[in-house]
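The chain contents come next:
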Amino acid sequence: MTALTAARPSIPLAASFALAAALLATAAALPAKAQTADAAFRATTLNLSAFGESKVTPDLATITLGVQTDGPTAAQALSANAAQMTKVVAALKKAGIAERDIQTSTLNVNPQYVYVENKPPRLNGYQASNQVTIQVRDLAKLGQTVDATVNAGATNVGGISFGLQDPQAAEDAARLDAVKALQAKADLYARATGYRIVRLVSLGEGSGYTPAPPMPMYAMAKMERAADSSPVSAGELKVRVDVSATYELVK
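A brief report on the enclosed structure follows. (Residues numbered from 1 in each chain as written. Predicted model: local features only at pLDDT ≥ 70, side-chain atom pairs only at ≥ 80, totals over all residues. Heavy atoms only, no water.)

**Digging into the overall build of the chain**
Here is step 1 of the chain: Within the chain, the secondary structure is distributed over four helices and seven strands.
Here is step 2 of the chain: Tracing the chain from N to C terminus, the helices and strands come up as α-β-β-α-β-β-α-β-α-β-β.
Here is step 3 of the chain: Scored against the burial criterion, the 251 residues of the chain give a buried share of 27%.
Here is step 4 of the chain: Partitioning the intrachain contacts of the chain with sequence separation of at least 6 by distance along the chain shows that 79% fall at a separation of at least 24. (Helix = DSSP H or I, 4+ residues; strand = E, 2+ residues; numbered from the N terminus. Buried < 20%, exposed > 50% of the residue type's maximum accessible area, 1.4 Å probe, protein only. Contact = heavy atoms within 4.5 Å.)

This is the structure:
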């Protein structure tokens, strides 16, 4: 009885050497990667955060002001409102406020009802409201500008806040202060734990300039006002920058 033997495909000698070399290279690379990861794991690092601040006098004010009118019909209420707001905007421009610094923020017409107990609501006319947000870039004229709008027919003024036209310099000053505080903190921790700093591994920045709240938080600046204008005090702004960093330490 004749035995049948299946022939195995032969692999060229050069291909065999190439395959073996690839396997050896892969095997050699694995320990190297593992050593690198292990070295990173063994490194002693220090993760810290700090902040820096700068205080500056604002050079920009943002104000919301508006006109509110009533009428027996919606059209009449709106028409009266438009006429009155036109005078207010004209007063703003006369006071030196540029067109680009005047923006309509709210325009509403709402029915007004009279409510009596045990009776259905009774329509009592309509109320139109128009509000604009303006930016005043010359704070010396801020009080005069507010007075001019009220004299021209503005019925409400509110939401005044102060800011900076260009916060770059104040932000950079806060950044320098933040890095200085961060480095001092890192040196302190290193000394306290018996280590020394080898290098800065990473550095990140958090928040930057944000407009101040309506009421000044710090010492009041010189009051800018004319003899007969509303007193408005700009105060001081605080610009804050947060930073975080990772340091590598050694004994």
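And the narrative resumes.
**Here's the deal with a nonpolar patch on the surface**
Here is step 1 of the chain: Taken together, the side chains of L78, L107 and V109 present a nonpolar region at the surface, about 230 Å² in accessible area.
Here is step 2 of the chain: Residue placement: L107 occurs in strand β3 (residues 102-114).
Here is step 3 of the chain: On the accessibility criterion, L107 (53% relative accessible area) is exposed. (Patch = residues over 30% accessible without salt bridge, like charges linked within 9 Å, V, L, I, M, F, W, Y side chains within 5 Å. Areas by Shrake-Rupley, 256 points an atom, 1.4 Å probe, with all protein chains shown as cover. Salt bridge = Lys/Arg side-chain N within 4 Å of Asp/Glu carboxyl O.)

**Some words on the sheet that holds strand β2 (residues 60-71)**
Here is step 1 of the chain: The strand order across the open sheet built from four strands is β3-β4-β2-β5, with neighbouring strands paired in antiparallel fashion. Two strands in the sheet have a free side with no partner beyond their single neighbour: β3 and β5 (156-163). Neighbour-to-neighbour, the strand axes of the sheet open up by a mean angle of 15°, direction not taken into account.
Here is step 2 of the chain: Both β2 and β5 contribute to a ladder of six bridges, which runs antiparallel. Opposite A61, over in β5, you have F162 as the bridge partner.
Here is step 3 of the chain: Along the sheet face, helix α2 (residues 74-94) touches β2, β3 and β4 (122-136) and points at about 150° away from the line of β2. (Pairing = 2+ DSSP bridges. Axes fitted to C-alpha atoms, helices over the stretch in contact; angles between N-to-C directions.)

**Points about the pattern of salt bridges**
Here is step 1 of the chain: This structure, assessed with the given rule, holds eight salt bridges.
Here is step 2 of the chain: Residue R240 pairs with D242 through a salt bridge whose shortest N-O separation is 2.9 Å.
Here is step 3 of the chain: A relative accessible area of 33% means that R240 is categorised as partly exposed.
Here is step 4 of the chain: Put simply, E171, D172, R175 and E205 are held in one network by salt bridges that share partners.

**Focus on the nonpolar core**
Here is step 1 of the chain: In this structure, V88, L92, I134, V136, L142 and F162 are the most contacted members of the largest nonpolar core, which totals 25 residues.
Here is step 2 of the chain: At the level of elements, β2, α2, β4, α3 (142-152) and β7 (237-250) are the ones that each hand at least two residues to this core.
Here is step 3 of the chain: Judged by nonpolar contacts, the second largest core, of 13 residues, contains A174, A190, V243 and L249. (Core = buried A, V, L, I, M, F, W, Y, C linked by side-chain atoms within 4.5 Å.)

**Here we look at the environment of D166**
Here is step 1 of the chain: Looking at the element boundaries, D166 is found in the loop between β5 and α4 (168-192).
Here is step 2 of the chain: Sequence-wise, D166 and P58 are 108 residues apart; in three dimensions their C-alpha atoms are separated by 10.0 Å.
Here is step 3 of the chain: Here Q168 takes part through its backbone nitrogen, which lies 3.2 Å from a polar atom of the side chain of D166. (Polar contact = N/O pair within 3.5 Å; in protein donor to acceptor, adjacent residues only side chain to side chain.)

**Things to note about α2**
Here is step 1 of the chain: For α2, built from 21 residues, the straight-helix expectation of 30 Å at 1.5 Å per residue is met to within 8% by its first-to-last C-alpha distance of 30 Å.
Here is step 2 of the chain: For α2, the complete set of buried residues consists of A77, N81, M85, V88, A91 and L92. Around the axis of α2, the buried residues are gathered within 105° of arc, so they sit on the same side. Of the exposed residues in α2, the ones pointing more than 90 degrees away from its buried face are A75, T86, K87 and K94.
Here is step 3 of the chain: Looking at the packing, one finds that the buried side of α2 touches β2, β3, β4 and α3.
Here is step 4 of the chain: Residue G96 follows α2 closely and has a positive phi angle near 100°. (Expected span 1.5 Å × (residues − 1). Arc of directions from axis to C-beta.)

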